[in-house]
Amino acid sequence: MTARRGGRTALIALAFVVAAGSAVGPRRVAEAAGAPTAGKPAADAGDAPFLPPAQPLRVTIDELVAQSMRVKNDVTIRLADGSERVTTRYTFTRLVVTHHMKVVHPGADGAPTVTIDVPHEGSLGGYDGFLQPQETVMWGDIHQVCLNVVVRICGVQGLLNAFGSVIPLTAGASDFDGTIYAIRATSRHPGPGNTADPVHLPGTITVTP
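Since the model is a prediction, treat every value here as computed from it, not as a measurement. (Residues numbered from 1 in each chain as written. Predicted model: local features only at pLDDT ≥ 70, side-chain atom pairs only at ≥ 80, totals over all residues. Heavy atoms only, no water.)

Chemist: I'd love a proper account of the pattern of salt bridges, names of residues and values included.
Modeler: Pairing between side chains of opposite charge can happen when the charged atoms of each approach one another. Tallying each qualifying case throughout the model produces five salt bridges. In this structure, Arg89 engages Asp47 in a salt bridge whose closest nitrogen and oxygen atoms are separated by 2.8 Å. Placement of the pair is Arg89 in strand S3 (residues 84–92) and Asp47 in the loop between helix H2 (26–32) and strand S2 (57–78), with a sequence separation of 42 residues. On the basis of relative accessible area, Arg89 is assigned to the partly exposed category, the value being 23%. A salt bridge links Asp175 to Arg152; its shortest N-O distance comes to 1.9 Å. You can see Asp175 sitting in strand S9 (residues 169–186) and its partner Arg152 sitting in strand S8 (residues 152–154), a full 23 residues away along the chain. By relative accessible area, which is 33% here, Asp175 ends up partly exposed. (Salt bridge = Lys/Arg side-chain N within 4 Å of Asp/Glu carboxyl O. Helix = DSSP H or I, 4+ residues; strand = E, 2+ residues; numbered from the N terminus. Buried < 20%, exposed > 50% of the residue type's maximum accessible area, 1.4 Å probe, protein only.)

As C-alpha cells, this is what we get:
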C-alpha cells in the first residue's frame, strides 16, 4: 500500500482494518484505538480478542470469493469507548477480493477520515509458508451482498447467516456492503521465517481532514 498523507495515521488505520495478529498484538491495537489497557484483560473485549475503534468501518467490495466461511450470530463485542455491540462474526479460511475493495473509516471528534482503496485484486488469509491455513475473522453487519451462482441472487444476508452457522460455505459474491467493526487476519506461524503474509491488499491509503 502507498500512503498519500499522514504516515502514522495511515499505519493506525491499517491496524484498524486488518488488526493483523501476526504483526500487531491485541494490546497495541487497543492502544492505537485510544483504549486504556491497564486493568482491561482480553476477556473484557467480549467475542473479539482486542478492542476495536468506536467508529465502525464501511466496507464495499465489487466482487469477492469467500472460502470456508463460518458464521456465529449474536456475538457481543466491546469497543474502545467502552460501549458494546451485538453483531455477527464471519470466519474465513481466505477472503479473496477479485475486483475493487474500498474501506472507509470516518474520523470522530474532528479526526481525519481514512480511506483504503484496493482497485483490483487482493486477499486476506489463505495458506502460510508451512501450508497451514491462515484465518480471517470479520465482526460486523452485512447490509447487501449478491451470490453469483447459476444466476445472480441478491438480498441473501439472512440465508448466509443461517447456513453459515451450520456448515462452512464457499461462494463467489458481488456488491458487498457492510458495516464492519473489525477485521483480523492471522497466520498460525507468524515470524520472520514465514514470508506468507496473511494480508495482501495492494492499493492506496488516503487521509482527508
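Additional details are given in the paragraphs that follow.
Chemist: Break down the nonpolar core for me, citing the residues and quoting the values.
Modeler: Ranked by size, the top nonpolar core spans 33 residues in total, and within it Val59, Met69, Met101 and Phe176 carry the most contacts. When contributions to this core are tallied by element, the ones reaching two or more residues are S2, S3, strand S4 (94–105), strand S5 (113–118), strand S7 (135–148), S9 and strand S11 (204–208). The element best represented in this core is S2, accounting for seven residues. Core analysis: the next-biggest nonpolar cluster, separate from the first, contains nine residues, Ala48, Phe50, Val75 and Leu79 among them. (Core = buried A, V, L, I, M, F, W, Y, C linked by side-chain atoms within 4.5 Å.)

Chemist: Quick one: what's the story with the state of the cysteines, residue by residue and with numbers?
Modeler: The final tally for this structure, using the stated rule, is one disulfide. Paired by a disulfide, Cys146 and Cys154 hold their sulfur atoms 2.0 Å apart. When the S-S torsion is 100°, as for the bridge of Cys146 with Cys154, the disulfide is right-handed. (Disulfide = S-S within 2.5 Å.)

Chemist: So what about helix H3 (residues 157–164)? Which residues, and what values?
Modeler: Buried within H3 we find Gln157, Leu160, Asn161 and Gly164. One side of H3 holds all its buried residues, which, seen down the axis, span an arc of 95°. Exposed residues lying more than 90 degrees from the buried face of H3 are Gly158 and Leu159. At its buried positions, H3 is contacted by S2, S3, S7 and S9. (Arc of directions from axis to C-beta. Contact = heavy atoms within 4.5 Å.)

Chemist: Now, about the side chain of Ser174: what can you tell me, with residues and values included?
Modeler: Along the chain, the position of Ser174 falls in strand S9. Look at Ser174 and you get buried, because its relative accessible area is 7%. Of note is the side chain of Ser174, whose polar atom sits 3.3 Å from the side chain of Asn148. For Ser174, the side chain forms a polar contact with the side chain of Arg152, separated by 3.4 Å. With residues near it in sequence (within four places) discarded, Ser174 still touches Ile61, Asp62, Glu63, Val145, Cys146, Asn148 and Arg152. (Polar contact = N/O pair within 3.5 Å; in protein donor to acceptor, adjacent residues only side chain to side chain.)

Chemist: An account of a nonpolar patch on the surface is needed here, citing residue identities and associated values.
Modeler: Taken together, the side chains of Val149, Val150, Val151 and Ile153 define a hydrophobic patch exposed on the protein surface, amounting to about 400 Å² of accessible area. Relative to the helices and strands, Val151 is located in the loop between S7 and S8. (Patch = residues over 30% accessible without salt bridge, like charges linked within 9 Å, V, L, I, M, F, W, Y side chains within 5 Å. Areas by Shrake-Rupley, 256 points an atom, 1.4 Å probe, with all protein chains shown as cover.)

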